[in-house]
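Read off the chains here:
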Amino acid sequence: MIDAPPAPERRRIRLRGQVQGVGMRPFVWRLARELGVAGYVRNDAGGVEIEAEGPAAALDALVGRIATEAPPLAAIDACESVARPAHGASAFVIAESLVGETATAPAPDVAVCDDCLAELFDPADRRYRYPFVNCTHCGPRYTITRALPYERASTSMAGFAMCPTCLDEYRAPADRRFHAQPNACPVCGPRVALLDAAGLPAGVADPIAVAVGRLLAGAVVAVKGLGGYHLACDATNAEAVARLRLRKHRDAKPFAVMVAGAESAAAWSFVSDAERATLQSRERPIVLLAKRAGCDTALPGVAPALDRIGVMLPATPLHYLLFHEAAGRPAGAAWLRRAGTLRLVMTSANRGGEPIVRDDDEAMEKLAGIADAYLVHDRAIIARCDDSVVAVDRGAPRFVRRSRGYVPRAIRLPHAGEPVLAVGGALKVTVCVTRGDEAFLSQHLGDLDNAASIEAMEEAAERLCALLGVVPRRIAHDLHPDFAGTRLAGALAGRSGAEPVAVQHHHAHIAAIAAEHGATGRVIGLALDGVGLGSDGAAWGGELLVVDGARYERVGHLVPLRLAGGDRAAREPWRMAAALLDRLGRGEETARRFPGPAASAVAGLIASGAHAPWTTSAGRWFDAVAALLGVCTHAGYEGEAAMRLQALAASHGVAEPLAGGACIDGAGALDLLPLAGWLADAGAEPARAAAVFHATLADGLARWAERAARSHATSVVALGGGCWLNAILSAAVVHRLERAGLRVLEARRAPPNDGGLALGQAWIALAGAR
């Protein structure tokens, strides 16, 4: 007697997370057909919905293999399965998407994949040298998305009707381009053009070839990328680099360099295995690499006076084609594994600290007088999105700037709560939106010191809320009443009825670290940065905090210095050195060390306290020491003095802490004045002095935090604030604290600087609501 086949079962399977625009539906379709399962799969506003019917073992296998074999771009946060009545389905299909209340998120942009590169460089392929080749596994996502669900009609590809061949690929579930929303070819897709300096068509047959010729001849070319325009020039041409600096009014701030492959960078920088993996990752960030001897000769003026240089690989087919042209158009992709000769400065196209230029008309207006030519295309950029910047520290990547390639990937929070919008601070601004137990940080939006940046922040906040289907109930902002974000929060709260929540700057820094690590108990926070308004109205920046969710207590700070001239002291580090000499009782040395007409005026400000408030800022201590050692007396960009001081310390190597150089006084403050006195007499050994400063500061900070941890019955220390991007300082402090048996939390999923501030604000507002 033959046993009857098992009765079919039916289940509704819900996938949540990064599951749209990543090839999930064709993957499920192929898997269901392989397992003999009937039903359907479709996108909806909640993610991906599957109705599957078949034997229980086949359905179990389907669910299990979805979890273990999902497409590489997918990130499944939840897989929920409920039983449904079986009704005799006979086939498995991909159904039309549904629109509803959003519970998913768009995927980040992804660098072009190897399969598409193979087509790009194959003379026999119909997409040979087509600048917009893409598939389900690569290409633009976030920057072309207008709304969810992620469908072509909701992207900037809506106006490009597919040709019959592309449409066949798009409709075939077994094809690599099934429902690849940006799918296109030379017949039906976007096209590239070259414009002259006036924004008029150059009338050339091959825009890419002519653009490369212009670059090699020393021109500055504006290149339209994924999230905005870059300004490009030949990085080996000192005159071209100097011309770009002059036109951008960017005297010394380092540029990033784009090369065809990691081998091209290895000639003038050190590339570890972890750094190579980060360079070649699908996110394609700028990676900070240690310079080899001769780097500054090979790339004159690109990253002056620093020990590291930012390097990136091409993210788009258009970028790759610039290098392919310079290499002589070799067939195949093997040439990418050899060192190439073309090295391009690729810097954000903007003027005067404004957001990266996104639109073509905006480019012609704002880049006039900077660009000699424009390499453009007709696919609109919906979301401006700057390049991400990453440093690999102790084998793991750390964000300096989190943007293209990573946004809007969610950060899981320790618990859920009502939706929150957080607007960050004033520098390196991002906004953050929470939905349930997920936090979504926006792309890098820059500094809010101009109207264009403020407008970009408002646009980013509105767009992120709309994409996520969120109406914020609380709006978190910095404690400073004059920040643009604070004013925006008040205006939005007034219109929507949401509750504004003011959050102290350094509390937010530590809360951001706690949030990404899921730490809900008490932690000791070492918050070190440039400046933030304290709850007492003073300028904080070197703080020892006890943080417990929405509550914090300040239990210590660095010994303060005078900010002679207020914010001007951050641009002129010699003023901080003058304040330090005054604290040492050696103010009379200021005029000799820093001769000039301003010396006596600054000495007067410090002595009187007029226009010279006290600050506990760690960043200003770095400035003071850099100027005292003759490293940097005037800063051309934020953080320059500290970065140059770090580079000098690295050139010396490891040093021992100065005995008695950092003391904890009776009020719990960390006193670095003994160290400062020794540094003032360091004389002709600035490299050793810089190394001793780092070692002594690290030793003092570790002892300070350890004592606080013991006093407040916790074993967890969180390191927040931009100073922790200093690899020498962070490595030394972490080593000492871990050796003392403490658990150290560092920023990994968001930047430790103000780029992660909104995450901490959001977490405090959410925790406070509970």
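Refer to the structure above for everything that follows.
*Asks:* Report on the overall build of the protein chain, specifying residues and quantitative values.
*Replies:* Secondary structure summary: the protein chain contains 24 helices and 29 strands in total. Whereas a compact globule of 770 residues would reach a radius of gyration of roughly 27 Å, the protein chain reaches 28 Å, a difference of no more than 12%. For the C-alpha atoms alone, the extent of the protein chain along its principal axes is close to 100 × 60 × 50 Å. When burial is assessed residue by residue, the protein chain has 59% of its 770 residues classed as buried. Partitioning the intrachain contacts of the protein chain with sequence separation of at least 6 by distance along the chain shows that 72% fall at a separation of at least 24. Counting only carbon and sulfur atoms, one obtains 53% of the accessible surface of the protein chain, whose full area is about 28,000 Å².

*Asks:* How would you explain the nonpolar core if you had to name every residue and give the values?
*Replies:* Met-24, Ile-50 and Leu-375 are the most contacted members of the largest nonpolar core, which has 98 residues in total. Looking at this core, the element that brings in the most residues is helix α12 (residues 451-468), giving seven residues. In terms of nonpolar packing, the next biggest core, distinct from the first, is built from 71 residues, Ala-690, Ala-702, Ala-705 and Trp-724 among them.

*Asks:* Please set out the environment of His-377 residue by residue, giving values where relevant.
*Replies:* Topologically, His-377 is positioned in strand β13 (residues 373-377). His-377 gets classed as buried once you look at its relative accessible area, which sits at 4%. Expressed as a C-alpha distance, the spacing of His-377 and Val-210, which sit 167 residues apart in the sequence, is 15 Å. Residues in contact with His-377, not counting those within four places in the same chain, are Phe-132, Arg-191, Val-192, Lys-224, Gly-225, Leu-318 and Asp-360. Of the polar contacts made by the side chain of His-377, one reaches the backbone nitrogen of Arg-379; its length is 3.2 Å.

*Asks:* Break down the sheet that holds strand β6 (residues 192-196) for me, with residues and values.
*Replies:* If you trace the 10 strands from one edge of the open sheet to the other, you get β6-β13-β7-β8-β12-β9-β11-β10-β14-β15, paired in mixed fashion. If you trace the sheet from one side to the other, it starts and ends with β6 and β15 (396-401), each paired once. Adjacent strand axes in the sheet meet at a mean angle of 35°, parallel and antiparallel pairs treated alike. Pairing between strand β7 (residues 221-224) and β13: three bridges, direction parallel. Bridging across to β13, Ala-222 finds its partner in Tyr-374. Packed onto the sheet, helix α5 (residues 207-216) meets β6, β7, β8 (229-234), β12 (344-348) and β13 and runs at close to 40° relative to β6. The sheet strands contacting helix α6 (residues 238-248) are β8 and β12, and the helix crosses β8 at an angle near 145°.

*Asks:* Just give me the short version of helix α19 (residues 618-628), but keep the residues and values in it.
*Replies:* Among the 11 residues that make up α19, 11 are buried, leaving the element largely enclosed by the rest of the structure. What α19 keeps buried is the set Ala-618, Gly-619, Arg-620, Trp-621, Phe-622, Asp-623, Ala-624, Val-625, Ala-626, Ala-627 and Leu-628. Where α19 begins, the side chain of Ser-617 points an oxygen toward the backbone nitrogen of Gly-619, at a separation of 3.2 Å. Count one or two residues on from α19 and you reach Gly-630, which has phi positive near 80°.

Definitions and limits used
Residues numbered from 1 in each chain as written. Predicted model: local features only at pLDDT ≥ 70, side-chain atom pairs only at ≥ 80, totals over all residues. Heavy atoms only, no water. Helix = DSSP H or I, 4+ residues; strand = E, 2+ residues; numbered from the N terminus. Rg over C-alpha atoms; globule rule 2.2 N^0.38 Å. Buried < 20%, exposed > 50% of the residue type's maximum accessible area, 1.4 Å probe, protein only. Contact = heavy atoms within 4.5 Å. Areas by Shrake-Rupley, 256 points an atom, 1.4 Å probe, with all protein chains shown as cover. Core = buried A, V, L, I, M, F, W, Y, C linked by side-chain atoms within 4.5 Å. Polar contact = N/O pair within 3.5 Å; in protein donor to acceptor, adjacent residues only side chain to side chain. Pairing = 2+ DSSP bridges. Axes fitted to C-alpha atoms, helices over the stretch in contact; angles between N-to-C directions.

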